Amino acid sequence: QVQLVESGGGLVQPGGSLRLSCAASGIIFSRNAMGWYRQAPGKQRESVAVIGPGGGTNYADAVKGRFTISGDSAKNTVYLQMNSLKPEDTAVYYCFRLVGGKYYWGQGTQVTVSS
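Rules of the game
Residues numbered from 1 in each chain as written. Predicted model: local features only at pLDDT ≥ 70, side-chain atom pairs only at ≥ 80, totals over all residues. Heavy atoms only, no water. Pairing = 2+ DSSP bridges. Helix = DSSP H or I, 4+ residues; strand = E, 2+ residues; numbered from the N terminus. Axes fitted to C-alpha atoms, helices over the stretch in contact; angles between N-to-C directions. Salt bridge = Lys/Arg side-chain N within 4 Å of Asp/Glu carboxyl O. Buried < 20%, exposed > 50% of the residue type's maximum accessible area, 1.4 Å probe, protein only. Polar contact = N/O pair within 3.5 Å; in protein donor to acceptor, adjacent residues only side chain to side chain. Contact = heavy atoms within 4.5 Å.

> Tell me about the sheet that holds strand β7 (residues 67–72), and please be specific about residues and values.
Across the sheet, which stays open at both edges, the four strands sit in the order β1-β3-β8-β7 with antiparallel pairing between neighbours. Since the sheet does not close on itself, it has two edges, and those belong to β1 (3–7) and β7, each with one partner. Strand after strand, the sheet turns through a mean of 15° between neighbouring axes, direction not considered. Here six bridges tie β7 to strand β8 (residues 77–82), and the two strands are oriented antiparallel to one another. In the strand pairing of β8, T68 is matched with Q81.

> Help me get a handle on the pattern of salt bridges, residues and values and all.
Inspection of the entire model under this criterion finds three salt bridges. A salt bridge links E46 to R38; the shortest N-O distance between them is 2.9 Å. On the basis of relative accessible area, R38 is assigned to the buried category, the value being 6%. One salt bridge in this structure joins D89 and R66, with 2.8 Å as the shortest N-O distance. Taken as a pair, D89 in the loop between β8 and β9 (91–99) and R66 in the loop between β6 (57–59) and β7 lie far apart in primary sequence, 23 residues in all. When salt bridges with common partners are traced through the structure, they connect R38, E46, R66 and D89 into a single cluster.

> Just give me the short version of the environment of G100, but keep the residues and values in it.
Along the polypeptide, G100 turns up in the loop between β9 and β10 (102–105). Accessibility expressed as a relative area gives 78% for G100, which makes it exposed. Residues G100 and R31, 69 residues apart in the sequence, show an inter-C-alpha distance of 10.0 Å.

> Can you break down the pairing of β1 residue by residue, with the values?
What you see with β1 is a clean split: L4 and E6 sit on the buried side and Q3, V5 and S7 on the side with no burial. When β1 meets strand β3 (residues 18–25), the two strands line up antiparallel, connected through five bridges. The residue of β3 that forms the bridge with S7 is S21.

> How would you sum up the side chain of R38? Please name residues and give values.
In this structure, R38 sits in strand β4 (residues 33–39). Separated by 2.9 Å, the side chains of R38 and D89 make a polar contact. Aside from chain neighbours lying at most four places away, what touches R38 is Q44, R45, E46, V48, A62, V63, F67, E88, D89, A91, V92 and Y93.

If you want it as structure tokens, here you go:
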């Protein structure tokens, strides 16, 4: 049983910040890759940030230097700190865990960047 619950989305002005969180149950945090995808209206889902079991991270070029992914093993939670937000960051953000070769997804949280 794997469940992911996202929170932290909302409406923010350009240049603002949001922190998304994804709390997981039913998995071993330290042995699973995890991260975030996003899907803008009319677009395909795209990878945003990934953190591996050893703590290594990768970011999409569009967010590199602005977003930071991190995890808290005690809370079994992964975070996405989003700074210097742009209107193009507007999307539904989905948390994932890679468990046994399978992706598990949260339901998504809406991020809207607008003046």
